[in-house]
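Remarks on the overall topology
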Amino acid sequence: MTDIVETAVNTGNFNTLIKAVEASGLLETIKSEGPYTLFAPTDDAFAKLPEGTLDDLLANTPKLKRIVAYHVAFGDVRSDDLAQIDEAQTVEGSVIAIASVDGKVQVNDANVLKTDILADNGVIHVIDQVLMPALVVAE
């Protein structure tokens with residue numbers, strides 16, 4: 001197996017996320033032993049952001065770092081675990097809300113499209129939106 005970052009690269013639909021991880025300076029953290037759970041927005045999810053948002057984030061490393069870290073939770077949280085919890089602590093420091101409704105999982109307002117993509121240092125869950133921590137939204 002490979003680490004979370006390599007696994008995301010190999011999946012092929014996380015190019016924007018990988019670019020954001022690299023630009024944020026969190027690459028080594030996410031490649032470290034962990035375990036971590038990555039809530040990974042697809043390239044389509046990033047494309048839904050208002051025009052210019054991604055470029056602005058890539059130019060603002062502190063803000064980008066907070067957003068990327070908000071997508072990473074501590075521990076190896078699999079789909080079975082997601083169904084039983086209602087929040088998870090993120091590397092960014094905030095808590096994300098987790099809800100399981102009719103067998104579908106949501107993280108904040110994002111839908112989980114695919115669960116349990118396993119990696120050596122954790123797990124990836126694919127989501128359909130970019131998560132924004134409250135501190136970034138308020139800025």
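Definitions and limits used
Residues numbered from 1 in each chain as written. Predicted model: local features only at pLDDT ≥ 70, side-chain atom pairs only at ≥ 80, totals over all residues. Heavy atoms only, no water. Helix = DSSP H or I, 4+ residues; strand = E, 2+ residues; numbered from the N terminus. Contact = heavy atoms within 4.5 Å. Areas by Shrake-Rupley, 256 points an atom, 1.4 Å probe, with all protein chains shown as cover. Lys, Arg positive; Asp, Glu negative; His and termini not counted. Charge placed at Lys NZ, Arg CZ, Asp CG, Glu CD. Pairing = 2+ DSSP bridges. Axes fitted to C-alpha atoms, helices over the stretch in contact; angles between N-to-C directions. Buried < 20%, exposed > 50% of the residue type's maximum accessible area, 1.4 Å probe, protein only. Polar contact = N/O pair within 3.5 Å; in protein donor to acceptor, adjacent residues only side chain to side chain. Salt bridge = Lys/Arg side-chain N within 4 Å of Asp/Glu carboxyl O.

What follows covers the overall build of the protein. Secondary structure summary: the protein contains 8 helices and 7 strands in total. Seen through its C-alpha atoms, the protein measures out along the principal axes to roughly 35 × 30 × 25 Å. For the protein, the share of sequence-separated contacts (at least 6 apart) that also reach a separation of at least 24 residues comes to 64%. Per element, the accessible surface of the protein, about 7,000 Å² overall, is 49% carbon and sulfur. Charge separation in the protein, taken as the distance between the mean sites of 9 positive and 22 negative side-chain charges, equals 3 Å.

The strand order E2-E1-E7-E6-E5-E4-E3 describes an open sheet built from 7 strands, whose pairing is mixed. The open sheet has two edge strands with one neighbour each: strand E2 (72-74) and strand E3 (87-89). Strand-to-strand twist across the sheet, computed as the mean angle between neighbouring axes with direction ignored, equals 35 degrees. Relative to strand E7 (residues 122-127), strand E6 (residues 110-119) runs antiparallel, the two sharing 5 bridges. Each bridged residue has a counterpart across the sheet, and for lysine 114 the counterpart in E7 is valine 126. Against the sheet, helix H1 (residues 4-11) makes contact with strand E1 (36-41), E6 and E7, and its axis sits at roughly 40 degrees relative to E7, the strand it touches most.

Once that is clear, we can look at the side chain of histidine 71. Within the element layout of this structure, histidine 71 appears in the loop between helix H6 (61-70) and E2. Histidine 71 sits in the buried class, given a relative accessible area of 2%. Of the polar contacts made by the side chain of histidine 71, one reaches the backbone oxygen of isoleucine 67; its length is 2.7 Å.

To continue, consider the pairing of E7. Most of E7 sits inside the fold, with 6 of its 6 residues counted as buried. Across 6 bridges, E1 lies against E7 in parallel orientation. For alanine 40, the partnering residue across the bridge sits in E7 and is valine 126.

Relative to the elements of secondary structure, asparagine 13 occurs in the loop between H1 and helix H2 (15-24). Those residues within four positions of asparagine 13 in sequence are excluded, and the remaining contacts are Thr42 and Asp43.

The full count for this structure, using the stated rule, is 3 salt bridges. For aspartate 3, the salt bridge is made with lysine 31, and the minimal N-O distance between the two is 2.9 Å. Pair noted here: aspartate 3 is in the segment before H1 and lysine 31 is in helix H3 (residues 27-31), with a separation of 28 residues, a long-range link. Residue lysine 31 is classed as partly exposed on the basis of its relative accessible area, which comes to 28%.

Mapping aspartate 109 onto the fold places it in the loop between strand E5 (104-107) and E6. Residue class for aspartate 109 comes out exposed when judged on its relative accessible area of 58%. A C-alpha to C-alpha distance of 9.1 Å links aspartate 109 and isoleucine 98, two positions 11 residues apart in sequence.

Read these as geometric descriptors, not functional statements.
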